[in-house]
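Read off the chains here:
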Amino acid sequence: MIRRRITPFYYFSTLPLSATPSNQQLHPSQIFKCNETIMRLAKLGRVRDARQVFDSIPQKDSVTWNSMISGYIQNGFLKEANSLFNAFEGKNVRSWTIMLTGYFKYGLINEARMVFESMPERNIVSWNALVSGYVQNGDLRKAREVFDDMPERNVTSWNSLMTGYCRCGMMKEARETFDRMEEGLKNSVSWMVIISGYVEVKEYREAWGVFLMMLRTGTRPSQALLVVGLSAVSGLNDLDLVLSLRTIAVKLGLEEDVVVGTAVLNAYTKNGGAYEAVKFFELMPEKNEYSWTTMIAALSHWGKLDDAVALYERYGENDVAVQTTMMSVYAQKGDVFEARRTFDEILNPNVIAWNAMISGYAQNGMLEEAKEMFFRMPVRNAVSWAAIISGFVQNGSNKGALDLFAELLRTGSVPNYWGFTSALLACANDGDIESGRQIHSLTIKAGAQNNSFVGNGLISMYAKCKKMEDVSQVFNTMRMRDTVSWNSVISGFLENCMLDDAEDIFKKMPKRDVVSWTSIISAYVQAGQGETALKIFLDMLIVGIKPNELTFTSLLSACANLAAVKLGQQCHAWIFKYGFSSCLCVCNSLITMYSKCGSIDGLHVFEDMPERDIVTWNAVLTGCAQNGLGKEAVEVFEEMEAAGVPPNEISFLGVLGACTHAGLVEKGRAYFNSMTQDHGINPSIYHYTCMVNLLGSAGLLSEAEALIENMPVEPDSVIWGALLAACKLHRDMEIEQRVAERLLKMGHKDMGLTS
DNA sequence: ATAGGGTTAG
């Protein structure tokens, strides 16, 4: 919102207005200046001031009238625009065209069409405005109809139609239109529309192909085209291409240009060129808020949160985009108060900033605060809905999410597809088929059922509720079926243990992506068919799909279960090749795989890791313990504590097992006691079983028996079995007798074989 | 008066 102020004198200082009686003649150049003032004021949102100038002009020309009408339209005053239009006796084609675009701008398609029909004369610009109006309102059929009916067409007509196809993701039609254009007719906008259209639908190869085509025609790329080319390259994962575009930029004298520079920076960050990006950023001769935002956001995406903070402190200025990025950095660090402080520093927070704050709270489990912000924010959009509802879903409060969804319905708002998708996710998680069906019918009422996101949400919801007939029904009637839809059906079948059906769909789908391949691979891993999983993985490499971290995690778990260390090593090589050797979860799986295969190579992985989490430490710890390296495991545990990583339940299971192997009874006791005392973790039955093993193997059988008798959890057959085995080992007939009786009572006759 | 262009929230 732009606040209206009293018009300062200097706006009129060039005009003789205040001193001039309104009937005095103005020189044409003075009228020209007045007209300019009207346009400038309208652009600033100061329509009333513009109107004052308008009224004070004694002889208005057609530009004066048209500027004022257009000024009203720009600021949403359609009624005023219309009455001025009606009052204007000398209206010309331009006046009519302004009204036409005005009605289209606010979605009043019928009114716009009526203006067009009543026009006394039309030129090519009015026809183009009609095409573009339909395009902007998403009515491609009408746009095409008008385009075909036009008496003549120029480059703008063609570009408008193409823009329409691109906005609807109809790239085939867009390309046909582009190819139908005469070579000489194409201008830089035509190239831009088609290239950015491909980028929009993530068809970066195609986008880059067209860019190269353009270079071959000898077209000299403008600054904007270079930027679009860079955005195409940013999806291709090829740093050499970035370099080649930089070379072109140098040739065009645009290498120092901030906008081009920021696009280069962005391309580096999106292509995994972390080193290049940082170097380029530091050497940029001019940086603006866009450059800083891009660099900080990239650091944040790479998980280098502290570097992001450091860079922000270097920036030292206030800019909404930079601050918004920082809010999400702080939220990711778990420092939600710093995020809030940053938000409070923003002078005029926009929707994006509000949304960042909402999801920041939601990410940190502060749902009440998120909700408070949500209801307090001045303008809500699609993301606000998604943020708050999915915040509730992520915090396990599916009911809360659905209540919120209902509350939003009560406010009379019609949810958009993001709102629907989040609500459907809540139903899916909750297995709430009733609400799911209700939302399904709401999507149809709202005309959102053809949206691919909504459709995919419906598929997942029905799949989670085990309603596979409904899954098929939704899938078969979907208009916009994308790879995600196919993938959702596959994972639906897999969740319902229908591996054959899943494979059937996998074979039928037109375009398989990483997710499709990975889900089918992990399905075979989970079904215990590691060899098949590996075979499918090889097929995936052959067809040229780049695996992701999840693919490798699944694969490694297959290797681990097969104890196939050779294959595991082969995976390790692939992981290097595809650049996942620093990925936390992949490294964690590698460690687990090596230790389950009885190899110590996991320790090398561990040593080279740039960052470690609790899972990493536990993997090494239990790996050592399971491979008989009891002493080493204890060392790892101590190292972990020294590194400031608080141990969890699993760490204690590992270290207690290690103590048993190494015969460290005292140490084991101390760790067991520190669990509750120092870490506030209540020992589970498994921890007690570890203790029984520890005491039992040391021959402290009565102490072990007492421990079982006095523990706060119900003993099971496993823990008694452990004690029984220890009794047999140490030939303690008395306790063995008692334990055997206990086991017999529990209905287990031969527990001596366990443990 | 009609067509296009770098960053940020999920």
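Fair warning: this is a prediction, and the values are worked out from it, not measured in the lab.

Some words on the overall build of chain A
Then, number 1: Across its full length, chain A carries 44 helices and zero strands.
Then, number 2: Classification of the 755 residues of chain A by burial places 47% in the buried group.
Then, number 3: Within chain A, contacts between residues separated by at least 24 positions form 57% of all contacts whose residues are at least 6 apart in sequence.
Then, number 4: About 37900 Å² of surface is accessible on chain A, with carbon and sulfur atoms providing 52% of the total.

Things to note about the layout of surface pockets
Then, number 1: The computed volume of the second largest pocket comes to approximately 380 Å³.
Then, number 2: Counting only elements with at least two residues in the lining of the second largest pocket, the list comes to α23 (382-394), α25 (417-430), α27 (452-464) and α29 (483-495).
Then, number 3: Within the lining of the second largest pocket, the residues separate by chemical class into nine nonpolar, 10 polar and two charged.

Remarks on the packing of aromatic side chains
Each aromatic ring pair is summarised here by two numbers: the centre-to-centre distance and the angle between the ring planes.
Then, number 1: A complete count under the given rule lists 25 aromatic pairs for this structure.
Then, number 2: One aromatic cluster is present, built from ring pairs that chain together F537, F552, W574, Y578 and F580.
Then, number 3: The ring of F116 is capped by R122, whose NZ or CZ atom sits 4.4 Å from the centre of that ring.
Then, number 4: In this structure, R380 packs its charged tip against the face of F374, placed 5.2 Å from the ring centre.

Considering the protein's contact with DNA strand B
Then, number 1: N128, N159, Y290, N355 and W418 are the nearest of the 42 residues found near DNA strand B.
Then, number 2: In this structure, Q136 approaches DNA strand B through a side-chain N or O atom, which is 3.4 Å from a phosphate oxygen.
Then, number 3: Take T293: an N or O atom from its side chain is 3.4 Å from a base oxygen of DNA strand B.

As for the pattern of salt bridges
Then, number 1: A complete count under the given rule lists 23 salt bridges for this structure.
Then, number 2: Ionic pairing is found between R175 and D179, a salt bridge with its closest N-O pair at 3.3 Å. Residue R175 and its partner D179 are located together in helix α10 (residues 171-180), separated by four residues, close to a single helical turn.
Then, number 3: For D179, a relative accessible area of 46% gives the class partly exposed.
Then, number 4: A salt bridge links K464 to E495, with the nearest nitrogen and oxygen atoms 4.0 Å apart.

Here we look at empty space enclosed by the protein
Then, number 1: Under the definition given, this model contains one cavity of 30 Å³ or more.
Then, number 2: Taken as a whole, the largest cavity encloses approximately 110 Å³ of empty space.
Then, number 3: Looking at the largest cavity, the residues that line it are I591, S595, S599, I600, G602, L603, A619, V620, G623, C624, N627 and L629.
Then, number 4: Counting only elements with at least two residues in the lining of the largest cavity, the list comes to α35 (584-596), α36 (601-608) and α37 (614-626).
Then, number 5: Take the lining of the largest cavity: its biggest share by element is four residues, from α37.
Then, number 6: Class assignment of the residues belonging to the lining of the largest cavity gives a composition of seven nonpolar, five polar and no charged.

Comments concerning the side chain of S390
Then, number 1: By the secondary structure assignment, S390 is in helix α23.
Then, number 2: Residue S390 is classed as buried on the basis of its relative accessible area of 19%.
Then, number 3: Here A386 takes part through its backbone oxygen, which lies 2.7 Å from a polar atom of the side chain of S390.

Looking at the UniProt feature "repeat: PPR" (unreviewed entry) in chain A
Then, number 1: In the numbering adopted here, UniProt assigns the feature "repeat: PPR" (unreviewed entry) to residues 61-95, 123-157, 187-221, 288-322, 350-384, 482-512, 513-547 and 613-647.
Then, number 2: Helix makes up 77% of residues 288-322 and strand 0%, with an end-to-end C-alpha separation of 11 Å.
Then, number 3: What you have in residues 513-547 is 74% helix and 0% strand, and the ends, taken at the C-alpha atoms, are 9 Å apart.

Quick notes on unusual backbone geometry
Then, number 1: Positive phi, close to 60 degrees, is recorded for K466, a residue that is not glycine.
Then, number 2: Along the chain, K466 falls in the loop between α27 and α28 (468-477).
Then, number 3: Here K466 falls in the exposed class, since its relative accessible area comes to 58%.
Then, number 4: Notably, R731 is not glycine yet its phi reads approximately 50 degrees, a positive angle.

Focus: the nonpolar core
Then, number 1: By size, the foremost hydrophobic cluster in this structure holds 241 residues, and its most contacted members are I69, I195, L226, M461, I521, F552 and L723.
Then, number 2: Look past the residues within four positions of I69 in its chain and what remains in contact with it is A81, L84, F85, F88, I98 and M99.

Here's the deal with the packing of α10 against helix α11 (residues 188-200)
Then, number 1: One can describe the packing of α10 onto α11 by two numbers: an axis separation of 11 Å at closest approach and a directional angle of 160 degrees. Classified by the interaxial angle, the pair formed by α10 and α11 is roughly antiparallel. In this structure, α10 crosses over α11, and the sense of that crossing is left-handed. Every residue of α11 that contacts α10 at M171, A174, R175 and F178 is listed here: S190, W191, I194, G197 and Y198.
Then, number 2: Looking at the contact of α10 with α11, its residues break down into six nonpolar, two polar and one charged.

Conventions adopted
- Residues numbered from 1 in each chain as written.
- Chains lettered and ligands numbered in written order.
- Predicted model: local features only at pLDDT ≥ 70, side-chain atom pairs only at ≥ 80, totals over all residues.
- Heavy atoms only, no water.
- Helix = DSSP H or I, 4+ residues; strand = E, 2+ residues; numbered from the N terminus.
- Buried < 20%, exposed > 50% of the residue type's maximum accessible area, 1.4 Å probe, protein only.
- Contact = heavy atoms within 4.5 Å.
- Areas by Shrake-Rupley, 256 points an atom, 1.4 Å probe, with all protein chains shown as cover.
- 1 Å grid on protein atoms, 1.4 Å probe; cavity = no way out; pocket = protein on both sides within 12 Å on 5 of 7 lines; lining within 4 Å.
- Points joined across faces, edges and corners; volume = space filled by probe spheres on them.
- Nonpolar A, V, L, I, M, F, W, Y, C, P; charged D, E, K, R; others polar.
- Phe/Tyr/Trp six-rings, centres within 6.5 Å; stacked < 30°, edge-to-face > 60°.
- Lys NZ or Arg CZ within 6 Å of the ring centre and 35° of its normal.
- Near = heavy atom within 4 Å.
- Polar contact = N/O pair within 3.5 Å; in protein donor to acceptor, adjacent residues only side chain to side chain.
- Salt bridge = Lys/Arg side-chain N within 4 Å of Asp/Glu carboxyl O.
- UniProt positions renumbered as here; feature names shortened; annotations may be inferred.
- Core = buried A, V, L, I, M, F, W, Y, C linked by side-chain atoms within 4.5 Å.
- Axes fitted to C-alpha atoms, helices over the stretch in contact; angles between N-to-C directions.
- Parallel < 35°, antiparallel > 145°, perpendicular 65-115°, else oblique.
- Left-handed = near helix turned anticlockwise from the far one by under 90°.

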